[in-house]
Structures are given as C-alpha cells and as structure tokens.
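The chain contents come next:
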Amino acid sequence: MPIIKTQNLTKIYKDHSVEVHALNGVSLEIEKGEFTAIVGPSGSGKTTLLNIIGGLDNPTEGQVTIGDVDISNLSDNQLIDFRLHNIGFVFQAYNLIPVLSAKENVEFIMLMQNRPKAEMDERAEALLKAVGLEDQMHKRPREMSGGQQQRVAVARALASKPKFVLADEPTANLDSKTALNLLDIMATLNKEEGITFIFSTHDQKVIDRARRIVTLEDGVIVSDVQQDV
Amino acid sequence: MYLKLAWRNIWRNKRRSLITIGSILFAVFFALVMRSFQEGMYEMMIDGMVSVSTGHIQVHREGYWNDRSIDNTLPIDDKIVSKINSIEHVSRACPRIDSYAWISTEELGRGAMIIGLDPEVDVINLEDKLVSGEVMNKDDNVVMIGEGMAEYFELGIGDTLVMLGQGYHGQTAAAVYPIGGILHFGNPKFSNNLVVMPIKAAQQYLSTENRVSSILIELDDIAAYLEVKPKLAELSYQESVDVLDYTEMIPEVLEAIQADRIGGKMFIGILYVIISFGIFGTIMMMTAERRYEYGVLVSIGMHRFKLFMITLRESILIALVGVIMGFLVAFPLIYKMNTDPMPFREDQMDAFQSFGIEPAYYAVIDLGLMAEHMMIIFCIAMLVNLYPLVKIMTLHPVEAMRK
Ligand SMILES: Nc1ncnc2c1ncn2[C@@H]1O[C@H](COP(=O)(O)OP(=O)(O)OP(=O)(O)O)[C@@H](O)[C@H]1O
Ligand SMILES: [Mg+2]
C-alpha cells in the first residue's frame, strides 16, 4: 500500500474573478522509502501539490489518503495532530524558532508530542550528529549559515518520527555546494534509515540525486520517471 | 521550555517589551499615587471637619440640628457622659454648648460664635493651637479667642472683652471675661469669630444650668459609627434625643467628595484607555512580526491554542513585571506621604482652609484600592491578547508563510 495516494487533485485559486488552475487532476502514489523530486517550471503547481499532500491546504477537488486516512475528513485540530505525528516539514527558509538553539528547535517538536525529556535530549543530539551539526547544537539560528539552518530543519523534521518528509525547495536559498551537501545528508538518511523524502526543486544538480522524478506542467503530471543514482 | 520560550521572546525585541513594561509601570504608578493622594485629601477633609466641628457622632435634644437655638438644649448629668464613654469604640464624649454673642471693647464690636467645652476632654486640642497665654482650666472664668479676633480688637492676654447675647428662655446673657489665651486656627472663620470658654462658665453665662447643645462623640474607628449609633440611642436621657452621625451632619462635604472621586476615576479611566491603545499597538506589531513563525509552528503541528498560550505567557510576564515595578515605585512615595505628609506652600493653602484642615500632601495606604488598580491594568494587558488570539485562531499557515 502506498503511504501517499492522491486522486485527481484539482486546485483552483480565485484571485479577483481570475481563476488560476494550479492543479488539474493530479493522481500520484508514493511508496515508503522513496526519494522523490517534484520538478517543473515556476508556477507549475509544485508548492500547491506539496501543501495539499501535507494537509496545509485543501484541494478544490480530489482526495489525499495518507496511510489509510483520508485527510480531507479531519477537523482543523485533528489535522494539526496528524501533521505533528505523521509528516516532517522542511520549508524553503526561516524554518526555525529564532530564540531557540539548534538543539532546542529539534527538541521543541518532541515536546509538542509530549515525549519524555531523556528521549528528547538523546534523540535531538543523535539527529544533529546525523546531519553533521554536533558542534553547533547550542547555536541560535542567526549564528548559523543557511545550509546549517536547513540541516537543523531536516533534523527537526525527523525528530517527530514522521511517515515521510515534505521539503518545498529546501535548497533554493543555498549555494550549489551547500545544496548538494544537504541533499547528500537527506539521501543518506533515506538509504540508511529508510526515510521517505518528497522534495521540490529547480536545480538540475539536485534533480540528479533523486531516484524518482515527477514533472509538473500547468498543474498536470507530464512525466514520472525512475532513475539510478 | 514554553516558559523559556516566552522569556526569550520578551528579549527578542527589547525596545518593544520595555515600552510595554514602561506604559504599564507608568499607569500603575500614576493610578496608585493619584488615587492614594485623592483619598488622602478626602480623609483629611473629613477628619478636619469631624475633629473640629462635628465629631463622628453627636447626641442632641430632638430637633436641635435644624433649629439650633439655646432653648433647644438637652439637660445632662455626669452619669450619661460616663455611660457613653463606656460604649465600645467611643474614645471620648465631649459635651458642648454653642451660642452667638456680640463681642465688644470700648471702640469696636463684632458677632462671634461661642463654644463652651470641657478643655480636659474636648476633641479640640487647645494646647496645639495655643499661640500665647495659657490653656484654660475647666473651672476658670476666662475665654480664649482666635488670632484674627485678637488682631481686630487689638487684644492681648489679660485684656477683657464684653459678651452680649441671649440666654436660656430669653434671659439676657451679658458678662465680661478676661482673655486667657489666643488660638491659631487654619480656618479664617474660626480665627476671626470664635470664642472658646469652659462649658461651666458658658452654661452660667447663658443660664442654661446643666443643659448642652450637643454631646460630641469621637470614635477610635470612624467605620464603627453605624455600630455605635443604636447603642447611643438606647441610653436613657432626660429628654428625647436625636443621634446624628457625621454623614448626616456634613452631607454636602461628602457629596462634594463623591463627585470629585468620580472625576478622579474618570481621569484614570481615560489614562487606561490611552495605555490600552499603547499596549495594543505593541501587541499588534508583535503579532504581525511573528506571522511567518506562527505559520511554521502551526504547519509542523502546534495546536493554535497552545501557540496562543505561549504568547499569553509572554504577556503575563511583561504585565507582572510592569505592575510589580509600578507598585514598587509608587509605594515608597505613598508610604512617605502617609507617615510624613508634606505641608502645602503658603499660597496653596487658601482653598483648603475653609474645611478647617491644616492642608498637606497626605496619602492613604489602602491595599484594596491599590490592588484594584493593579488588577485593572493587569486585566487590560491580558485583554489586548484577544488580538493575537483571534489572529492565531484564524491563521492560514500557507498564507502566513507566503511573503
Ligand atoms: N494563494 C494563491 N492565490 C492565487 N494564486 C495562487 C496562489 N498560490 C499559488 N497560486 C498560483 O497557482 C499556480 C501554481 O503555483 P505554485 O506556487 O504551486 O507553483 P510552483 O510550481 O511552486 O512555482 P515556483 O517554482 O515558482 O515555486 C501559479 O500560477 C500561482 O500563481
Ligand atoms: Mg513553489
């Protein structure tokens, strides 16, 4: 059974009487353990698709099933809880709480899950080590580079033990070397821990690291290919 | 960690937090000081009236208060005075007789109020007011006059004055008395027109025998007047009596105080409105600045209400700091002006002297009053959080994160 299944997703934005069809019948299945890139030109609907899969936005039509849950049936609070326990998020930038240290940012999501303090502490350190930030744990976001901040965001996304991680252009604000470094860390976590990543990108070098590439154009999937890396 | 987060958020925008703390501090300081001084002034006014002219309670012959003639006096004996004195909360009972007389020397004349009192027990502290001469004894046949009158008649100690008036049941009251002492009164009416003499001498002068105009009663606690009144009425007197408390005797003063108190509260109300807008402004700025962050937090799975509670914790910390600091700044000033009131400058005195008080900057220490204003300001600082509450509850995470 796929962990994510979208059926015929349509999203229409109404902007002052102008209708924008951001998604036009997107059906997609994602299996556990995938490392999938959503690509396509600007305005093709990547962000819209990821937001709807992540339960941050509602489709105009169609449905999203995660595991065996149809998320369109959840109330706002249920959906928030569902996100907390099932989905890891990495945004393009400014993911972190500025007044908390790297470690506290990672612990914070576990605090929201009411995990025991000892586990929070141990897991936060292990994850920051896994993303190569064992020396930066007590730094605040503004004391870290953009790449380091994104790695903290990845560690935070994993801390809640989600079913999968959604990352909308996680490398867009990074230079290409840093971007590839982040991708390598994500790929390693995918290979070694079996963590499912779905990310969108424009960057060809990043696309090259993906094992599956889903291409959108004008809100429609125009190609869906697997590649060896 | 939630509290840690709230605490660090306060320091995130130091200036804004300091502005908020400062406005709360100022509001608390201003409200506490202003209201404490206001209540202090009322207390002084009432005290002034009560201690010189009315006492807390008075016993009269029935109908005396509206027809204060010498014929309307009440015969008493020592027994009734000692019975009154044995009632709980009564600190003293002072029989007095009041009348009017025409005072004259060889060249000049003027009307005067005559008060006959017992110098050993009366609420008027003659010792304190003595400018020259000696305080009269209860059996003396002397009078004491105000400074203003002494100046007008150019009288000194040992000089005599002639008092002419009407005594009991139309008898003529006429006598000559030596001046035993000259008294200082803040109130010019007393200074210019008052003659004080021992009650026995006054009763003789007015031919009233053992009659008195009033028994003026001072309590150890002004609040006990309602408790003491019925006990006074129960005692057996030789004629039927009225028992009046100070609220019945000086209603105009109390009404003026009440009107002024409402004015003061309205002024503070306006201050509160201004402060509310100030705090509201800072909280609006804060909410706008953190919109993106709120979007991230709701996206990754934070319940909206929990998120609001973090913001609220921050506001509670700020409000507590502001309120407590306001209190800490205001209290020493209030305390100082309570224990050691600062006298008015000469030119500020006039308006108050007609109340018979020695005017001073005096503040009451009323913890209830202070708590009330501190609570109100704290509540305002909480109430403005309705704004972030609504914003967070209706926040759309995707829109919040779009720049
Ligand atoms: N809130 C909105 N209101 C109106 N139109 C919107 C809104 N969000 C997105 N759109 C439109 O929907 C379409 C798809 O947008 P989306 O952001 O999903 O594209 P994208 O593939 O993520 O683009 P980019 O690569 O620039 O991030 C675009 O035409 C966009 O202008
Ligand atoms: Mg996008």
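The model shown is predicted, which means the values in this text are computed figures rather than measured ones.

Reading the values: rules and limits
- Residues numbered from 1 in each chain as written.
- Chains lettered and ligands numbered in written order.
- Predicted model: local features only at pLDDT ≥ 70, side-chain atom pairs only at ≥ 80, totals over all residues.
- Heavy atoms only, no water.
- Contact = heavy atoms within 4.5 Å.
- Salt bridge = Lys/Arg side-chain N within 4 Å of Asp/Glu carboxyl O.
- Polar contact = N/O pair within 3.5 Å; in protein donor to acceptor, adjacent residues only side chain to side chain.
- Helix = DSSP H or I, 4+ residues; strand = E, 2+ residues; numbered from the N terminus.
- Nonpolar A, V, L, I, M, F, W, Y, C, P; charged D, E, K, R; others polar.
- Pairing = 2+ DSSP bridges.
- Axes fitted to C-alpha atoms, helices over the stretch in contact; angles between N-to-C directions.
- Buried < 20%, exposed > 50% of the residue type's maximum accessible area, 1.4 Å probe, protein only.
- Patch = residues over 30% accessible without salt bridge, like charges linked within 9 Å, V, L, I, M, F, W, Y side chains within 5 Å.
- Areas by Shrake-Rupley, 256 points an atom, 1.4 Å probe, with all protein chains shown as cover.
- Lys, Arg positive; Asp, Glu negative; His and termini not counted.
- Charge placed at Lys NZ, Arg CZ, Asp CG, Glu CD.
- 1 Å grid on protein atoms, 1.4 Å probe; cavity = no way out; pocket = protein on both sides within 12 Å on 5 of 7 lines; lining within 4 Å.
- Points joined across faces, edges and corners; volume = space filled by probe spheres on them.
- Domains from an automatic or database assignment.
- pLDDT = per-residue confidence, 0-100.
- Core = buried A, V, L, I, M, F, W, Y, C linked by side-chain atoms within 4.5 Å.
- Parallel < 35°, antiparallel > 145°, perpendicular 65-115°, else oblique.
- Left-handed = near helix turned anticlockwise from the far one by under 90°.
- Near = heavy atom within 4 Å.

Draft legend 1. How the structure looks around the interface of chain A and chain B. With 28 residues of chain A at the contact, the number on the chain B side is 25 residues. For the pair chain A and chain B, the number of links is 3 salt bridges. With its nearest N and O atoms 3.1 Å apart, the salt bridge here joins B:K4 to A:E104. Scanning the region where chain A abuts chain B turns up 9 residue pairs in polar contact (both at pLDDT 80 or more). Counting residues per element, the ones that place at least two in the side of chain A that touches chain B are α2 (76-86) and α3 (102-112) of chain A. Taken together, the residues of the side of chain A that touches chain B break down into 15 nonpolar, 5 polar and 8 charged.

Draft legend 2. Representation of the sheet that holds strand β6 (residues 87-90) of chain A in the model. Residues and elements named next belong to chain A. The 6 strands lie next to each other as β6-β7-β8-β3-β9-β10, forming an open sheet whose pairing is mixed. Strands with a single pairing partner mark the edges of an open sheet, and in this sheet they are β6 and β10 (220-226). Each strand of the sheet is rotated relative to its neighbour by a mean of 15°, with strand direction disregarded. As judged from the 4 bridges shared by β6 and strand β7 (residues 164-168), these two strands associate in the parallel manner. Across the sheet, G88 pairs through a bridge with V165, a residue of β7. Those strands touched by helix α1 (residues 46-53) are β3 (35-39), β6, β7, β8 (196-200) and β9 (212-217), and its axis lies near 150° from that of β7. Along the sheet, helix α5 (residues 146-159) contacts β6 and β7; its crossing angle with β6, the most-contacted strand, is approximately 170°.

Draft legend 3. The arrangement of the environment of A:E193 in detail. All names here are of chain A. One can find E193 in helix α6 (residues 176-193). For E193, a relative accessible area of 56% gives the class exposed. Considered as a pair, E193 and D208 are 15 residues apart in the sequence and their alpha carbons are 21 Å apart.

Draft legend 4. The arrangement of a negative patch on the surface in detail. A surface patch of negative charge is lined by B:E88, B:D220, B:D221 and B:E227. One can find B:E227 in helix α8 (residues 225-234).

Draft legend 5. Quick peek at empty space enclosed by the protein. Residue and element names in this part refer to chain B. Counting across every chain of the model gives 4 cavities of 30 Å³ or more. When its volume is computed, the largest cavity comes out at roughly 190 Å³. Lining the largest cavity are 19 residues; nearest its centre among them are T20, T282, I283, S315 and I318. Looking at the lining of the largest cavity, the elements with two or more residues in it are α1 (2-12), α2 (14-54), α10 (251-289) and α12 (304-339). Here the lining of the largest cavity takes 5 residues from α12, the largest share from any one element. Split by residue class, the lining of the largest cavity holds 9 nonpolar, 7 polar and 3 charged.

Draft legend 6. Highlighting the domain arrangement of chain B. According to the domain assignment, chain B contains domain 1 (2-48 + 253-401) and domain 2 (63-239). Taking only C-alpha atoms into account, the centre of domain 1 of chain B sits 50 Å from that of domain 2 of chain B.

Draft legend 7. Up close: α3(A). The buried fraction of α3(A) amounts to 11 of the 11 residues, a majority that puts the element mostly inside the structure. Those residues of α3(A) lying buried are A:A102, A:K103, A:E104, A:N105, A:V106, A:E107, A:F108, A:I109, A:M110, A:L111 and A:M112. Of the surrounding elements, those touching the buried residues of α3(A) are α2, α4 (117-130) and α5 of chain A together with α1, α11 (291-300) and α12 of chain B. Phi for A:N114, located one or two positions after α3(A), is positive at around 60°.

Draft legend 8. Spotlight on the side chain of A:K103. Residue and element names in this part refer to chain A. Assignment of secondary structure puts K103 in helix α3. At a separation of 2.6 Å, a polar atom in the side chain of K103 contacts the side chain of D121. Those residues in contact with K103 that sit more than four places away from it in its chain are D121, A124, E125, L128, M137 and H138.

Draft legend 9. Structural detail: the confidence of the model for chain B. In the predicted model, chain B carries a mean pLDDT of 91, and the fraction of residues at 70 or more is 96%. Confidence estimates for the predicted assembly give a pTM of 0.81 and an ipTM of 0.94.

Draft legend 10. Spatial organisation of the pattern of salt bridges. Residues and elements named next belong to chain A. Applying the stated rule across the entire model yields 26 salt bridges over all chains. Note that E19 and K14 form a salt bridge whose closest N and O atoms lie 3.8 Å from each other. With a shortest N-O distance of 3.1 Å, K103 and E125 are connected by a salt bridge. Placement of the pair is K103 in helix α3 and E125 in helix α4, with a sequence separation of 22 residues.

Draft legend 11. Examining the nonpolar core more closely. Residues A:L49, A:V106, A:F108, A:L128, A:F164, A:F199 and B:I24 are the most contacted members of the largest nonpolar core, which totals 123 residues. Of the residues forming this core, the biggest block, 10 residues, is contributed by α12(B). Among all residues touching A:F199, those that are not within four sequence positions of it are A:F35, A:T36, A:A37, A:I38, A:A167, A:P170, A:L183, A:M186, A:V206 and A:A210. Membership of the second largest hydrophobic core comes to 57 residues, among which are B:V59, B:I97, B:I250 and B:V253.

Draft legend 12. Local environment of the packing of α5(A) against α6(A). All names here are of chain A. In contact at an axis separation of 10 Å, α5 and α6 are set at 20° when each is read in the N-to-C sense. Relative to α6, α5 is oriented roughly parallel. α5 and α6 meet at a crossing whose hand is right-handed. Together, G147, Q150, R151, V154 and L158 of α5 and T178, N181, L182, I185, M186 and L189 of α6 make up the contact between the two elements. Of the residues assigned to the contact of α5 with α6, the class counts are 6 nonpolar, 4 polar and 1 charged.

Draft legend 13. Summary view of the environment of B:I274. All names here are of chain B. Mapped onto the fold, I274 is located in helix α10. I274 sits in the exposed class, given a relative accessible area of 56%. Spatially, the C-alpha atom of I274 lies 26 Å from that of M309, the residues being 35 residues apart in sequence.

Draft legend 14. Local environment of the site of ligand 1. As a matter of local geometry, ligand 1 sits amid 15 residues, with A:S42, A:K46, A:T47, A:T48 and B:R402 nearest to it. Side-chain polar atom of A:S42 to an oxygen atom of ligand 1: 2.5 Å apart, as the coordinates give it. In this structure, A:K46 approaches ligand 1 through a side-chain N or O atom, which is 2.7 Å from an oxygen atom. Protein contacts shield 71% of the accessible area of ligand 1, which totals 630 Å² for the unbound molecule. The element that contributes the greatest number of residues to the shell around ligand 1 is α1(A), accounting for 3 residues. Considered class by class, the residues forming the shell around ligand 1 number 4 nonpolar, 7 polar and 4 charged.

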